[in-house]
Amino acid sequence: MRRIIQWIEIGTIIRSLGCCPSEGELHDLIAEVEEEEPTGYIRFEKFLPVMTEVLLERRYRPSPEDTLLRAFEVLDPSKRGFLTKEELIKYMTEEGEPFSQEEMEEMLSAAIDPESNSIHYKDYIAMMVVDDS
Amino acid sequence: MSSLPFWNKKPCTYTMGSGTSTQHHFAFQNAEKAFRAATLIQRWYRRYAARLEMRRHCTWRIFQSIEYAGQQDQVKLHDFFSYLVDHFTPSSNHERDFLNHMFTEKTFPQDAEMEKLSDYESIEVPDSYTGPRLSFPLLPDHATALVEAFRLKQQLHARYVLNLLHETRKHLVQLPNINRVSTCYSEEVTVCGDLHGQLDDLIFIFYKNGLPSPEKAYVFNGDFVDRGKDSVEILMVLFAFMLVYPKEFHLNRGNHEDYMVNLRYGFTKEVMHKYKIHGKKILKILQDVFCWLPLATLIDEKVLILHGGVSDMTDLELLAKLDRHKIVSTLRRKTRKEHGKPATTQEKATPPSCAGRPTPWFLPQSRSLPASPLRLGSRGAPCAGRSSSIPCSGPADAEDLARRVRRSGDLELDRGRQQAGFPGSRAQGEPLLVTPEADSDADEPPEPTPEEWKQVVDILWSDPMAQEGCKANTVRGGGCYFGPNVTEQLLQKYNLQFLIRSHECKPEGYEFCHSRKVLTIFSASNYYEVGSNRGAYVKLGPALTPYIVQYQANKATHMLTMRQRISRVEESALRSLREKLFAHSSHLLGEFKKHDADKTGFISLSDWAEAVESVLRLGLPWRMLRPQLVSSSMDNTLEYKSWLEGLAKEQLSHENIQSSLLETLYRNRSNLETIFRIIDSDHSGFISLDEFRQIWKLFSSHMNIDITDDCICDLARSIDFNKDGHIDINEFLEAFRLVEQSCTEGDASDCPQATNTNDSGCSKPSTP
């Protein structure tokens, strides 16, 4: 029974189920479950079979933790162990997929070490990695 | 559409990636590597953020469902009492008097009496009093001084409180039900939502937005009191500004401006605690003041502001005409002395719902609403006449009564009423309850008609929903859910632009819905818990474009990251949830056992989720919450007995009190406290042992609690620690360590020290 109605984006749902799609992959998925004439709503009846398939196929699984580490190291070739705040902002907003201002701010607030104004990515990874039990 | 959590908004700007990488990137061997690396990091980040958002959402749901369940309880409680009043045959004069005493509202004093009631002039203010002193007519400086004084944590003397309330009442009486404001005079109007006793938020609003003035109009949209700890101060400030700037400062009534709701949600307690000598007088006059609050405000004939919402039956003309003073409480329609109606004449031939008795207000009106999904398996034909009457009281009857009454709050109650019929055993013409003053004062205002009452309930209790249509608001127990078409219909009918309402807490302090035709504005930040939500207010200029300002009145939370904030609030929500789970331990055990036919002691996690929902009925995503509530489970199974024991250990620290009794009391403690306050109608803080026993008896039969009479007597005696034949509410609640935190914030000397019943050496309730 629907009682209290609050809006959660489809992306949030999919991601919190353990999937780690890129924005592009997410848009494709949404296109699969949307109505012919997009109403802004997704119907559960349509969502369920598609999502079940995604989970069974283990699609969009997050890559292992050390891949994530290597990704940071690509952006930090001199292997300092950290990225400066400006570097992170630049890479997140100029490389990769579109990344909003707000996402950037939130990422920084959690990641940044206020004293050095830099992001020690090994620690950051440890925080972001959630065990999938 | 609602405002989305910010990290899930579609990004508004972006630049393409590797195509524009320039020299200031270092030379990657493969530019694509950088792109992929960045994408990977983003994906991880978004997944992490999504999980946080889920947690936040679950936390919100927990708080909200517990809050609404509490409201439902409140309604059920009052329905229960109403049902008793209508149908219960007291077995003795004693019982009859007791019920009368509880349900008979005191006559509404006439004006002269009301004057006497305020009687503030005789109250002396000692020289030692350093708080603000008011003189009337109030000047703007007085109002400002009040704000300042309260900011410095001073308390206004009872004499001035009463004086102010008296003047407030005089002013309110002249106001129409629907206030009209124009942006011609004051160029902008600021509308604020629920404050719920949170003075910090009010002070912040005045600080940030400016104090009220002829150029700065304000509308406060109800729910000024309850839950927070400074409801009195908020009222004083709001009333003072209203008196000083009557044309620019407006108040709407909310569902909490209601003495019955106040009994449960803390305002009554706050008044009695702050004003020990004059609190009763203050509460009495407040009861009246609340009824005189206007119901709605209209800006430029275009923007309608009211507390809850609307229904498809909302009729602004009727609302404008009715006598709002008649609506004492939106929880019970009948407020005057109950007079028995001869049971026989009217109802026999006519179908029950059309009888002289009004249909219970919480039922959907069949002609206007679509078939409610709640009307499941309507037991065959509509109730045809009355089968059995309620027998006179006796042990078997209590059960019968309990069975019928228990499922109150929904259609069953109505069916029960109809099936039970009217007491056939009573002689014709004998009144249901004999009241001492059987001839009521002729001058008393008549009761509101069912239609008038429903109109007011609807605007004070309804919530918007996304689907089209209009259906009964069963979550709250009052008003309805109204869809976008209902809003559209209303706006068109009265040529309005949009609706502003409050009544619901929103994470961002505000929320648009129904294609921006409905704006919810909620001004109590950190409502559920520190960090739970922002507050907001909205400003309207002559163009009537809403401009929203958000805030959060707690600096500490700004320093925390989103993750930390969510963790704190989450912990608090989970604690409340665990308490609730504990309070239903016996039922849960029963349900678990049903899923464990082989008596292995284990059940699957998905059975666990099913069982928990069927007992608690909070509509929460239990599978998602499971990791936080069940600490260990192997192979997706749970050893339920030890899980329940674990819960109990958390909640209890002494095992001597029979745990099922404790559990029952714990589960019902808000109800019990409310009942206590209802019985204690003179607000003395005491009820007699006998009253306690009586009410417990009635209550336990309603709640199907298995407790013998003896046990109740023992319980009563054991609670009366100082053996004076009276139970003080603190004794009562403290006996089970249920004294609320707010008590400890007040004057410490007034509150009993929290003692362990083991140590105190007092007798404990004996096990039957």
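Values in this document were obtained by computation on a predicted structure and should not be read as measured data.

S.K.: Please provide a residue-by-residue account of the overall build of chain A, values included.
M.R.: Each helix and strand in chain A was counted, giving 7 helices and 2 strands. Taken from the N to the C terminus, the helices and strands of chain A come in the order α-α-α-α-β-α-α-β-α. Relative to its 133 residues, chain A shows a buried fraction of 43%. Contacts spanning at least 24 positions in sequence make up 53% of the contacts within chain A whose residues lie at least 6 apart.

S.K.: So what's going on with the packing of helix α4 (residues 140-151) of chain B against helix α7 (residues 231-244) of chain B? Which residues, and what values?
M.R.: Residue and element names in this part refer to chain B. Following both chains from N to C, one finds α4 and α7 inclined at 165°, their axes separated by 9 Å at the closest point. Between α4 and α7, the interaxial angle falls into the category roughly antiparallel. Crossing geometry of α4 relative to α7 is assigned as left-handed. Of the residues in α7, those in contact with Pro140, Ala143, Thr144, Leu146, Val147 and Phe150 of α4 are Glu233, Met236, Val237, Ala240, Phe241 and Val244. Of the residues belonging to the contact of α4 with α7, the class tally is 10 nonpolar, 1 polar and 1 charged.

S.K.: Quick rundown of the packing of aromatic side chains? Include the residues and the values.
M.R.: Residue and element names in this part refer to chain B. The tally for this structure, following the rule as stated, stands at 24 aromatic pairs over all chains. Note on phenylalanine 267 and phenylalanine 290: the rings are 6.2 Å apart at their centroids and 40° apart in plane angle, and the pair reads as tilted. Residue phenylalanine 267 is found in helix α9 (residues 267-274), and its partner phenylalanine 290 is found in helix α10 (residues 279-292); the two are separated by 23 residues along the sequence. For arginine 47, the ring lying beneath its charged end belongs to tryptophan 44, and the centroid distance is 5.2 Å. Positioned above the aromatic ring of phenylalanine 512, the side-chain terminus of arginine 516 is 3.8 Å from the ring centre.

S.K.: Hey, could you go over the UniProt feature "domain: EF-hand" (unreviewed entry) in chain B for me, with residue numbers and the actual values?
M.R.: Per the UniProt record, "domain: EF-hand" (unreviewed entry) is found at residues 583-618, 667-702 and 707-742 of chain B. The span residues 583-618 of chain B carries 64% helix and 8% strand; its end-to-end C-alpha distance comes to 14 Å.

S.K.: So, the sheet that holds strand β5 (residues 296-299) of chain B: which residues are in play, and what are the values?
M.R.: All names here are of chain B. Spatially, β1-β5-β6-β10-β12-β11 is the arrangement adopted by the 6 strands of the open sheet, whose pairing is mixed. Here the strands that pair on one side only, and so sit at the sheet edges, are β1 (178-181) and β11 (510-513). If you compare each strand with its neighbour and ignore which way they point, the axes differ by 20° on average. Here strand β6 (residues 303-305) pairs with strand β10 (residues 498-501) via 3 bridges, running parallel. By the bridge assignment for β10, valine 303 is matched with phenylalanine 498.

S.K.: Can you tell me about the pattern of salt bridges, naming the residues and giving the values?
M.R.: Taken as a whole, this structure holds 30 salt bridges over all chains when the rule is applied. For B:Arg151, the salt bridge goes to B:Glu148, with nearest N and O atoms at 2.9 Å. One end of the pair, B:Arg151, and the other, B:Glu148, are both in helix α4, 3 residues apart, so they sit about a helical turn from each other. On the accessibility criterion, B:Glu148 (36% relative accessible area) is partly exposed. Note that B:Glu504 is salt-bridged to B:Lys506, the shortest N-O span being 3.8 Å. Across the pair, B:Lys506 and B:Glu504 agree in class, each one buried. Salt bridges here are not isolated pairs; linked through shared partners, they connect A:Arg15, A:Glu23, A:Glu97, A:Glu103 and B:Arg46.

What counts and what doesn't
- Residues numbered from 1 in each chain as written.
- Chains lettered and ligands numbered in written order.
- Predicted model: local features only at pLDDT ≥ 70, side-chain atom pairs only at ≥ 80, totals over all residues.
- Heavy atoms only, no water.
- Helix = DSSP H or I, 4+ residues; strand = E, 2+ residues; numbered from the N terminus.
- Buried < 20%, exposed > 50% of the residue type's maximum accessible area, 1.4 Å probe, protein only.
- Contact = heavy atoms within 4.5 Å.
- Axes fitted to C-alpha atoms, helices over the stretch in contact; angles between N-to-C directions.
- Parallel < 35°, antiparallel > 145°, perpendicular 65-115°, else oblique.
- Left-handed = near helix turned anticlockwise from the far one by under 90°.
- Nonpolar A, V, L, I, M, F, W, Y, C, P; charged D, E, K, R; others polar.
- Phe/Tyr/Trp six-rings, centres within 6.5 Å; stacked < 30°, edge-to-face > 60°.
- Lys NZ or Arg CZ within 6 Å of the ring centre and 35° of its normal.
- UniProt positions renumbered as here; feature names shortened; annotations may be inferred.
- Pairing = 2+ DSSP bridges.
- Salt bridge = Lys/Arg side-chain N within 4 Å of Asp/Glu carboxyl O.

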